[in-house]
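Secondary and tertiary structure notes
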Amino acid sequence: MTIQSETRKTAIYSGNVSTTAFAFAFKVFSSSELLVTKATSAGVESTISSNDYTVALNADQDSSPGGSITLDTALPSGETMVITSEVDYLQSVDLTNQGGFYPSVINHALDRLYILTQQLIVDVDRTAKL
């Protein structure tokens, strides 16, 4: 299945001292590939440790990408949060000569490349440009 969304991050979630569950709708290969960032009302950003939330991924990331995270402690009022991905910039597919050809291996490799491109776009969109 191809990646059907250009979005690689969630909308900005606002803290309200009670909500702890937040959804995301982009494909990830594992829960360790999520990056959850919060910002204070003064705009100071920090990463929320993966020890401070649990992840529930949708079972079939190809047909129903995404899932949700549940924070151990709700965000205070005035703080905001964004969920995005943090896929390592590595190439893990090794195609061998005269081996079996599995289209799913190629599809996952191409999905991974597109995800890496989307991550770069998120970073570039946050930079000053001339």
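This text goes with the structure placed above it.
Structural notes, computed from the coordinates. (Residues numbered from 1 in each chain as written. Predicted model: local features only at pLDDT ≥ 70, side-chain atom pairs only at ≥ 80, totals over all residues. Heavy atoms only, no water.)

Moving on to the pairing of strand β6 (residues 67-71). The two faces of β6 differ: G67, I69 and L71 on one face are buried, but S68 and T70 on the other face are not. Across four bridges, strand β2 (residues 21-24) lies against β6 in antiparallel orientation. Within the sheet, the bridge partner assigned to A23 lies in β6 and is S68. Bridge analysis of strand β5 (residues 53-57) against β6 gives five bridges, and the strand direction is antiparallel. Paired with L57 across the bridge in β6 is G67. (Buried < 20%, exposed > 50% of the residue type's maximum accessible area, 1.4 Å probe, protein only. Helix = DSSP H or I, 4+ residues; strand = E, 2+ residues; numbered from the N terminus. Pairing = 2+ DSSP bridges.)

Here we take up the sheet that holds strand β7 (residues 80-85). Strand order in this open sheet of four strands is β1-β7-β3-β4, and the pairing throughout is antiparallel. If you trace the sheet from one side to the other, it starts and ends with β1 (13-14) and β4 (45-47), each paired once. Both strand β3 (residues 34-39) and β7 contribute to a ladder of six bridges, which runs antiparallel. The residue bridging A39 from the neighbouring strand is T80, located in β7.

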